[in-house]
Amino acid sequence: MKGWQGKIAIVTGASSGIGAGIVEKLVEEGLTVVGLARRVDMMDQLKKKLTEKSGKFYPLECDLSLESNILKCFDYVSKNLGPIHVLINNAGCLTKQNLCDGTTEVWKRVIDVNLLGLCVATREAIKSMKENEIDGQIIHINSITGHWNVRIDDLNIYPATKYAVTSLAQTLRKELSKTKTKIKVTSLSPGLVNTEIFAVGGMTNYADSLVQEQVPALSPRDIADAVTYILSTPPHVNISELIIQPVNEDL
């Protein structure tokens, strides 16, 4: 990880859960990390926690469903911090509904964050990397639901967006390969992680049942460790897909 010290990494969805865990780990490793999320107050708290670490953390308020917000943040980074070396597309959302009677507005929100926001951020990061001749790293925080259907009700359009993330990572690698661009692209797919995504998505009862039944789950730190593993590989190695599950997970 020494080669990444002082380099700029952008982490979306950085206010809590996996995103906050990744931010903390990368700052510990000496990177300059920019966090994008709506809940800037929570990122400010995280920044205070990281003041004594070797890297730096810059929280920026950003709604990942709005292209204008994303472009504004990337412009700020370019003008005030420098070129981007790493992008962690972590922002994602789900909402408790089904496909039979769900609402278009909710579905669109999930697509805007999980897919379009990811694509816009990726495009802008690659633009910065190419302009500055940087062999950077793009990591999409995907999900096992992007590879098989799990036994969880009311996920509606969420698994479809994650299947799409799997495809987007593959397509992007092929695009970059055609032009001999050495930017790495990884799809990182965790199983169940102990975060607030279910509670925020209106599935509090399900979240509570996971705790009561002591269902195996990963921690955000586990995913952050996987990110550093991906970043620590030599230049000729690309981890295309990495699936991580807790022992005894049966989803």
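Scroll up for the structure.
Per chain, residue numbering runs from 1 following the sequence as it is written. The predicted nature of this model means local features are confined to residues of pLDDT at least 70 and side-chain atom pairs, given and counted, to a pLDDT of 80 or more, with totals for whole chains, interfaces and linings taken over all residues. To obtain the side-chain values, all non-hydrogen atoms of the structure were included, while hydrogens and water were left out.

1. Looking at the overall build of the chain
We apply this condition: Strands here are runs of E lasting at least two residues and helices are runs of H or I lasting at least four, both read from the DSSP assignment and numbered beginning at the N terminus. Note that the radius of gyration is over C-alpha atoms, with the globule rule given as 2.2 Å times the number of residues to the power 0.38. Relative accessibility decides the category of a residue: with a 1.4 Å probe and only protein chains considered, values under 20% of the type maximum give buried, values over 50% give exposed, and everything between is partly exposed.
A tally of helices and strands in the chain yields eight helices and seven strands. In terms of overall size, the chain behaves like a compact globule, its C-alpha atoms giving a radius of gyration of 17 Å where 251 residues would be expected to give roughly 18 Å. Once the C-alpha set of the chain is aligned to its principal axes, its extents read approximately 45 × 45 × 35 Å. Counting the 251 residues in the chain, one finds 52% classified as buried.

2. A few points about the pairing of strand β6 (residues 184–190)
Regular strands place side chains that alternate from one sheet face to the opposite one. Keep this limit in mind: The criterion for strand pairing is that DSSP finds at least two bridges linking the strands in question. For a crossover, the right-handed case is the one in which the path from the first strand over the helix to the second runs clockwise, viewed with the strands pointing away from the viewer.
In terms of residue burial, β6 counts as a mostly covered element, since seven of its seven residues are buried. Burial along β6 is two-sided: Lys-184, Thr-186, Leu-188 and Pro-190 and Val-185, Ser-187 and Ser-189, pointing in opposite directions, are all buried. Across five bridges, strand β5 (residues 137–141) lies against β6 in parallel orientation. Bridge assignment links Ile-141 to a residue of β6, and that residue is Leu-188. Following the backbone out of β5, through helix α5 (residues 158–178) and into the adjacent parallel β6, one traces a crossover that is right-handed. By the bridge criterion, four bridges tie β6 to strand β7 (residues 241–244) in an arrangement that is parallel.

3. Digging into the packing of helix α3 (residues 67–80) against helix α4 (residues 104–131)
What counts, and what does not: An axis is simply a line fitted to the C-alpha atoms; with a helix, the fit covers only the stretch in contact. Between two such axes, the angle follows the N-to-C directions and lies from 0 to 180 degrees. Oblique is the label for any angle not covered by the other classes, which are roughly parallel (under 35 degrees), roughly antiparallel (over 145) and roughly perpendicular (65 to 115). Crossings are sorted by hand: turned counterclockwise from the far helix by less than a right angle, the near helix makes the crossing left-handed, and turned clockwise it makes it right-handed. Contacts are residue-level and defined by heavy atoms, with any inter-residue pair within 4.5 Å sufficient.
Between α3 and α4, the shortest axis-to-axis distance is 10 Å and the interhelical angle comes to 25 degrees. As judged from the angle between their axes, α3 and α4 are roughly parallel. You can see that α3 and α4 cross each other, and the crossing is right-handed. Along the contact surface, α3 presents Glu-67, Ile-70, Leu-71 and Phe-74, while α4 presents Gly-117, Val-120, Ala-121, Arg-123, Glu-124 and Ala-125.

4. Here's the deal with α3
This is how the line gets drawn: What a helix is expected to span follows from its residue count: subtract one and scale by 1.5 Å. Here the arc refers to the directions that run from the helix axis out to each C-beta atom.
Between its terminal C-alpha atoms α3 stretches 20 Å, which fits the 20 Å expected from 14 residues at 1.5 Å a residue. Every buried residue of α3 is accounted for by Ile-70, Cys-73, Phe-74 and Val-77. Seen along its axis, α3 keeps its buried residues to an arc of 95 degrees; they face one direction. For α3, the exposed residues set more than 90 degrees away from the buried face come down to Ser-68, Lys-72 and Lys-79. At its buried positions, α3 is contacted by β1 (8–12), β2 (32–37), β3 (56–61), β4 (84–89) and α4. Residue Gly-82 follows α3 closely and has a positive phi angle near 130 degrees.

5. Description of the sheet that holds β6
Spatial ordering of the open sheet is given by β3-β2-β1-β4-β5-β6-β7, a layout of seven strands whose pairing is parallel. Taken across any chain shown, the strands that pair with only one partner, and hence form the sheet edges, are β3 and β7. Going across the sheet, the axis of each strand differs from the next one's by a mean of 20 degrees, ignoring polarity. Bridge count for β1 against β2 is five bridges, and the pairing is parallel. The partner of Thr-12 across the bridge, within β2, is Leu-36. Taken strand by strand, α3 contacts β1, β2, β3 and β4, and its axis lies near 145 degrees from that of β3. Contacting β4 and β5, α4 crosses the sheet at an angle of about 170 degrees to β4.

6. Looking at unusual backbone geometry
Of note, Lys-180 is a non-glycine position whose phi angle comes to about 60 degrees, a positive value. Residue position: Lys-180 is located in the loop between α5 and β6. Exposure remark for Lys-180: the relative accessible area of 69% places this residue in the exposed category. Despite not being glycine, Asn-248 shows a phi value in the positive range, around 75 degrees. Owing to a relative accessible area of 67%, Asn-248 belongs among the exposed residues under this scheme.

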